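Breakdown of the fold
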Number of protein chains: 2
Amino acid sequence: MTKLALAFDLGGTELRGALVERGGRVAARVSAPTMAGAGSEAVIGQIIALAGTLLAEHPQAKVAGIGMCAPGPLDPKAGIVIGPPTLAGWHDVPLIDILGRQFGLPVRLENDANAAALGEWRLGAGRGSGSLVFVTVSTGIGGGVVVDGHIYHGRRGLAAEIGHMTITGEGDRCFCGAVGCFEAVASGTALGRRATRLTAPGDGSLLRRFSGDGEVSARHVVEAARAGDVSALELIEAEARWLGIGFTNLLHLFSPDLIVMGGGLANGFDLLAPEIRATVEQRAMPAYRDVPIVPAELGDRAGLIGAASLILWEGEPGAPLAIAQDEDNDASKRAREASHG
Amino acid sequence: MTKLALAFDLGGTELRGALVERGGRVAARVSAPTMAGAGSEAVIGQIIALAGTLLAEHPQAKVAGIGMCAPGPLDPKAGIVIGPPTLAGWHDVPLIDILGRQFGLPVRLENDANAAALGEWRLGAGRGSGSLVFVTVSTGIGGGVVVDGHIYHGRRGLAAEIGHMTITGEGDRCFCGAVGCFEAVASGTALGRRATRLTAPGDGSLLRRFSGDGEVSARHVVEAARAGDVSALELIEAEARWLGIGFTNLLHLFSPDLIVMGGGLANGFDLLAPEIRATVEQRAMPAYRDVPIVPAELGDRAGLIGAASLILWEGEPGAPLAIAQDEDNDASKRAREASHG
């Protein structure tokens with residue numbers, strides 16, 4: 001049987017596990033709502049239980065190790081989850097030690113955005129590229145930088161904290177306390193907030209109809225824009241301008257071979273792409289303007305595949321694998337074509 | 001005799017050459033005003049002439065190769081100077097080929113900010129650190145990132161274009177066409193311009209007295225601040241806030257072990273340091289706040305030493321050398337202490 005890794009993606013709302021083959025195929029998947037308020041021991045118990053489920057389904061699996069991603073801040077070298085804001089009661093949890101003792105297997109830990117960056121580089125939108133910056137745009141903005149097959153870690157694994165790059169002096173104060181963070185103006189949350197302010201319950205707007213007269217989310221804005229709603233299209237254009245300013249910074253600073261945009265808002269990538277591209281054309285210095293900006297391809301599998309790759313292809317930084325992709329890809333290919341239109 | 005490199009730092013106003021020993025000592029220096037308007041052939045002639053002068057002074061020198069730095073954009077791998085704005089008539093000049101044929105020696109080419117970053121890492125303020133971001137603040141703002149002894153190049157050697165990172169929506173338009181570039185608000189030029197606008201010829205202000213009633217430069221602001229002038233001190237404080245915003249971004253993005261500030265404005269580092277530090281404390285996420293921000297130590301030798309290191313320590317990325325420093329260092333040590341005050 002082929003070599004496999006157990007992979008886990010520990011999120012604030014969902015805990016996902018998978019068995020990933022060396023070729024990149026996800027052989028089995030499980031998930032459970034994260035017991036995020038119950039402390040680290042309860043959640044580690046969930047991880048162990050999910051691992052048991054996966055291994056029981058595949059009793060012959062030759063598992064080479066466990067690749068794990070979790071929200072930052074975490075120390076990937078020491079294997080310690082330092083204290084993610086979305087998980088109560090996690091303080092300097094030595095996750096590699098705990099899981100290593102439990103399973104008697106090598107364990108690797110990476111933060112979720114870095115793991116997703118690595119996954120997209122190995123098997124997703126970035127395969128074949130020498131380097132990429134991955135940007136996930138959803139509730140917040142996170143990212144990861146991959147160069148020559150390695151995650152750019154920086155001191156204590158803290159590099160690529162893209163969401164807290166200051167890009168303006170305006171806008172709402174970020175939860176981090178500063179004004180002008182990329183995340184504070186360009187996240188899905190920021191887009192939803194602008195849409196909510198622009199409208200009012202019962203005003204008959206498409207945005208509010210889609211939201212059932214509640215708070216408007218980024219998803220509602222994308223849906224209304226797809227339906228041709230003018231306000232929604234203007235909101236998308238403004239959102240894309242902010243993304244374009246942030247992406248231009250990333251081009252100037254990291255000079256990657258490409259930028260990959262993931263996260264919930266990547267569902268609207270085809271709508272955002274023209275104004276993102278126009279903003280980059282306008283603001284980037286000429287030598288950076290032809291760098292492709294493409295949507296992520298692996299969806300919510302990116303973190304799992306990236307985490308698995310820490311076990312399956314460790315020490316093989318060279319070229320990323322080029323394998324046949326599966327179900328998620330038709331949509332992302334269409335979006336990708338749109339981004340080059 | 002010890003192994004030596006010929007090193008050249010080609011600037012828009014001055015062309016500097018040196019013989020650098022393997023231990024880092026500058027054995028001989030020469031310079032000439034760059035014939036910046038005369039085209040590439042004339043300047044290459046100057047380089048060859050200066051090399052001749054250096055070699056004639058040290059006829060026994062065992063020269064291992066030529067390390068060269070020049071203004072970007074340039075392609076360090078291909079060895080081509082693409083077209084620096086400060087040098088007329090340079091278009092895709094294959095400098096490595098030309099000098100290699102002329103001298104029959106290995107030649108390495110690097111952009112000036114990257115070379116200075118490497119010099120500071122090898123022998124200056126960054127020695128002993130695993131990684132650093134070097135920021136040069138003078139007419140413009142440039143930079144270089146060194147990780148594990150290697151320059152972070154990115155695609156086509158274009159990474160770390162720090163000056164054109166957008167950090168605000170306000171201020172004068174940058175020469176690149178965008179608004180809000182770090183360089184446009186925080187360079188020495190921007191500081192001088194703010195001082196010039198704040199005052200008027202003949203107004204009796206210390207700033208105008210120091211400038212002989214002409215345009216006020218960053219140097220005049222530093223001098224007036226040292227003399228206790230209140231307007232100058234306020235200008236320094238505002239300047240330091242912009243620097244602090246930009247440095248915070250660099251911390252979040254690259255997570256270096258330290259930031260080294262060079263360039264003309266580093267002469268005022270001790271004055272700028274308190275407000276730079278306060279701004280970082282205020283804006284950086286907690287895990288980044290203790291990263292040292294220190295002044296450069298090598299002054300105008302940084303580029304030469306970095307360029308020489310491309311020849312002398314090629315393939316030795318490991319630890320930077322720790323050698324005794326020379327004349328420039330008392331002043332920078334005082335400034336360094338101030339930065340930790």
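Here the structure is shown first, and the text comes after it.
Everything numeric in this text was worked out from a predicted model, so none of it was measured.

Looking at the relation of the copies chain A and chain B
There are two copies of the chain, and a rotation about an axis plus a shift along that axis relates them. For the pair chain A and chain B, the best superposition has an RMSD of 0.1 Å and corresponds to a rotation of 180 degrees with a translation of 0.0 Å parallel to the axis. Such a combination of turn and shift is consistent with a two-fold rotation axis. A share of 100% of the interface residues of chain A reappears at the interface of chain B, consistent with the copies meeting face to face through the same patch.

Remarks on the interface of chain A and chain B
Tallying the contact residues gives 35 residues for chain A and 35 residues for chain B. Where chain A abuts chain B, roughly 3,100 Å² becomes buried across the two surfaces, and 52% of that area is made up of carbon and sulfur atoms. On the surface where chain A and chain B come into contact, there are two salt bridges. Residue Arg155(A) pairs with Asp290(B) through a salt bridge whose shortest N-O separation is 2.7 Å. For the pair chain A and chain B, the number of links is 22 residue pairs in polar contact (both at pLDDT 80 or more). Of all the secondary structure elements, the ones that give two or more residues to the side of chain A that touches chain B are β9 (141-147) and α8 (230-254) of chain A. Taken together, the residues that form the side of chain A that touches chain B break down as 20 nonpolar, nine polar and six charged.

As for the side chain of Arg283(A)
Looking at where Arg283(A) falls in the secondary structure, it is placed in helix α9 (residues 269-283). The side chain of Arg283(A) sits in the buried core without any salt bridge; Glu170(A) is the nearest counter-charge, 9.8 Å away. Separated by 3.1 Å, the side chains of Arg283(A) and Thr166(B) make a polar contact. Look past the residues within four positions of Arg283(A) in its chain and what remains in contact with it is Ile245(A), Thr248(A), His252(A), Thr166(B), Ala178(B) and Val179(B).

Things to note about the sheet that holds strand β3 (residues 26-33) of chain A
All names here are of chain A. Judged by pairing direction, the sheet is mixed, and its five strands sit side by side in the order β3-β2-β1-β4-β7 without closing on themselves. Whereas interior strands pair on both sides, the edge strands pair on one side only; in this sheet they are β3 and β7 (107-111). Averaged over all adjacent pairs, the angle separating strand axes in this sheet is 15 degrees, with direction ignored. Of the strand pairs in this sheet, strand β4 (residues 62-70) and β7 are connected by five bridges, and their pairing is parallel. Bridged to Ala 70 within β7 is Asn 111. Where helix α3 (residues 112-123) meets the sheet, its contacts fall on β4 and β7, and the angle it forms with β7 comes to roughly 100 degrees.

Comments concerning the packing of aromatic side chains
Under the definition given, this model contains eight aromatic pairs over all chains. For the pair Tyr152(A) and Phe254(A), a centre-to-centre distance of 6.2 Å together with 70 degrees between the ring planes defines the contact as edge-to-face. Placement of Tyr152(A) in the loop between β10 (150-151) and α4 (182-186) and of Phe254(A) in helix α8 is noted, with a sequence separation of 102 residues between them. Here Tyr152(A) falls in the buried class, since its relative accessible area comes to 9%. In this structure Phe254(A) comes out as buried when scored by relative accessible area, which is 1%. For the ring pair Phe182(B) and Phe247(B), a centre distance of 6.3 Å and an interplane angle of 80 degrees mean the geometry is edge-to-face. Linking Phe182(B) in helix α4 (residues 182-186) with Phe247(B) in helix α8 (residues 230-254), this pair joins segments that are 65 residues apart in sequence. Among the aromatic side chains, those forming a connected cluster through ring pairs are Tyr152(A), Phe254(A), Tyr152(B) and Phe254(B).

A look at the state of the cysteines
Residue and element names in this part refer to chain A. Across all of its chains, the model carries zero disulfides over all chains by this definition. Note on Cys 174: no disulfide assigned, nearest cysteine sulfur contributed by Cys 176 at a separation of 3.8 Å. The exposure class of Cys 174 is buried, given its relative accessible area of 6%.

Digging into the pattern of salt bridges
Enumeration over the complete set of coordinates arrives at 28 salt bridges over all chains. When the shortest N-O distance is used, the salt bridge between Glu223(B) and Arg219(B) registers 3.0 Å. Note that Glu223(B) and Arg219(B) are positioned in helix α7 (residues 218-226) at a spacing of four residues, about one turn of the helix. Salt bridges linked by common partners bring Asp9(A), Glu14(A), Arg16(A), Arg29(A) and Asp300(A) together as one network.

Some points on the pairing of strand β2 (residues 14-21) of chain A
All names here are of chain A. The element β2 is extensively covered by neighbouring structure, given that seven of its eight residues are classed as buried. Bridge count for strand β1 (residues 3-10) against β2 is seven bridges, and the pairing is antiparallel. Looking at β2, one finds that Leu 6 is bridged to Leu 19. Two elements, β2 and β3, share seven bridges in a ladder whose sense is antiparallel. Across the sheet, Leu 19 pairs through a bridge with Ala 28, a residue of β3. Hairpin connection of β2 to β3: four residues between the antiparallel strands, including Gly 24 at a positive phi of 105 degrees.

So, how was this worked out
All residue numbers refer to positions counted from 1 along the written sequence of the respective chain. Each chain gets a letter, beginning with A, and each ligand a number, beginning with 1, in the order they are written. Thresholds applied to this predicted model are a pLDDT of at least 70 for local features of residues and 80 or more for the giving and counting of side-chain atom pairs; totals over whole chains, interfaces and linings are not thresholded and use all residues. Calculation of side-chain values draws on the structure's entire complement of heavy atoms; hydrogens and water are dropped beforehand. The copies were overlaid by least squares, fitting only the C-alpha atoms of residues that reach a pLDDT of 70 or more in each copy. Any pair of residues with heavy atoms lying within 4.5 Å of one another is described as a contacting pair. Two parts placed together each lose some accessible area under a 1.4 Å probe, and adding up what both lose gives the buried area. Note on definitions: salt bridges are taken to be side-chain nitrogens of Lys or Arg within 4 Å of carboxyl oxygens of Asp or Glu. Under the rule applied, a polar contact is a pair of N or O atoms within 3.5 Å (in protein, one hydrogen donor and one hydrogen acceptor; residues adjacent in sequence only if both atoms are side-chain atoms). A run of H or I in DSSP counts as a helix once it spans at least four residues, and a run of E counts as a strand once it spans at least two, with each numbered from the N terminus. Gly counts as polar in this scheme, as do all residues outside two lists: the nonpolar Ala, Val, Leu, Ile, Met, Phe, Trp, Tyr, Cys and Pro, and the charged Asp, Glu, Lys and Arg. Three exposure classes are used, based on accessible area relative to the maximum for each residue type with a 1.4 Å probe and protein chains only: buried under 20%, partly exposed in between, and exposed over 50%. We score Asp and Glu as negative and Lys and Arg as positive, and we do not count His or the chain ends. At least two bridges found by DSSP between two strands are what make those strands a pair. To obtain an axis, a line is fitted to C-alpha atoms, over the contacting stretch when the element is a helix, and the angle between two such axes runs from 0 to 180 degrees between their N-to-C directions. Here is the rule: rings of Phe, Tyr and Trp (six-membered ring for Trp) pair when centre to centre is within 6.5 Å. Planes less than 30 degrees apart are stacked, more than 60 are edge-to-face, and the remainder are tilted. By disulfide we mean two sulfur atoms from cysteines, separated by a distance within 2.5 Å.

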